[in-house]
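Examination of the molecular architecture
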Amino acid sequence: MAYVINDSCISCGACAAGCPVEAISEGDGKYEINADVCIDCGACADACPVGAPEQG
């Protein structure tokens, strides 16, 4: 199942920089993960300083 970014996102961009398939983009107020592109690797969760990405 693809990762999703919860409301604790601080829009720092660390998750997007860590994503190997470029599935993450800046959304309205927080980053968003394209579920069709996400490969469920967890790199975004490892890169995030506040734990915003989580398995959906």
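Predicted, not measured: the structure shown is a model, and the values here were computed from it.

A word on unusual backbone geometry
- A positive phi angle, near 55°, is found at Ser 11, a position not held by glycine.
- Looking at the element boundaries, Ser 11 is found in the loop between strand E1 (3-5) and helix H1 (14-18).
- You can call Ser 11 partly exposed: its relative accessible area is 30%.

Comments concerning empty space enclosed by the protein
- As enumerated under the stated definition, the model contains 2 cavities of 30 Å³ or more in all.
- If you trace the largest cavity, you find 13 residues lining it, with Cys 19, Ile 24, Cys 38, Cys 41 and Cys 44 closest to the centre.
- Its residues placed into classes, the lining of the largest cavity shows 11 nonpolar, 1 polar and 1 charged.
- Considering only enclosed or pocket space, the second largest cavity measures out at about 60 Å³ in volume.
- Lining the second largest cavity are Ile 5, Cys 9, Ile 10, Ser 11, Cys 12, Gly 13, Cys 15, Cys 48, Val 50, Ala 52 and Pro 53.
- Looking at the lining of the second largest cavity residue by residue, the classes come out as 9 nonpolar, 2 polar and no charged.

A short note on the environment of Ser 11
- Each C-alpha atom, one on Ser 11 and one on Ile 24, is 11 Å from the other, the two residues being 13 residues apart in sequence.
- Setting aside chain neighbours within four positions, we find Ser 11 in contact with Gly 29, Lys 30 and Tyr 31.
- Side-chain polar atoms of Ser 11 contact the backbone oxygen of Gly 29, separated by 3.2 Å.

Examining the nonpolar core
- Ranked by internal contacts, the top residues of the largest apolar core, which has 14 residues, are Ile 5, Cys 15, Ile 24, Tyr 31, Ile 33, Cys 38 and Cys 44.
- For this core, the elements supplying multiple residues, two or more each, are E1 and strand E3 (31-33).
- Dropping the residues within four chain positions of it, Ile 5 is found in contact with Cys 15, Ile 24, Lys 30, Tyr 31, Glu 32, Ile 33, Ala 52 and Pro 53.

Looking at the state of the cysteines
- The final tally for this structure, using the stated rule, is 0 disulfides.
- The closest cysteine sulfur to the non-disulfide-bonded Cys 12 is located on Cys 48, 5.8 Å from its own sulfur.
- Cys 41 forms no disulfide, and the closest cysteine sulfur to it belongs to Cys 19, at a distance of 6.1 Å.
- Given a relative accessible area of 46%, Cys 41 falls into the partly exposed group.

Reading guide: rules and limits
- Residues numbered from 1 in each chain as written.
- Predicted model: local features only at pLDDT ≥ 70, side-chain atom pairs only at ≥ 80, totals over all residues.
- Heavy atoms only, no water.
- Helix = DSSP H or I, 4+ residues; strand = E, 2+ residues; numbered from the N terminus.
- Buried < 20%, exposed > 50% of the residue type's maximum accessible area, 1.4 Å probe, protein only.
- 1 Å grid on protein atoms, 1.4 Å probe; cavity = no way out; pocket = protein on both sides within 12 Å on 5 of 7 lines; lining within 4 Å.
- Points joined across faces, edges and corners; volume = space filled by probe spheres on them.
- Nonpolar A, V, L, I, M, F, W, Y, C, P; charged D, E, K, R; others polar.
- Contact = heavy atoms within 4.5 Å.
- Polar contact = N/O pair within 3.5 Å; in protein donor to acceptor, adjacent residues only side chain to side chain.
- Core = buried A, V, L, I, M, F, W, Y, C linked by side-chain atoms within 4.5 Å.
- Disulfide = S-S within 2.5 Å.

Any functional reading would require information beyond the geometric quantities listed.
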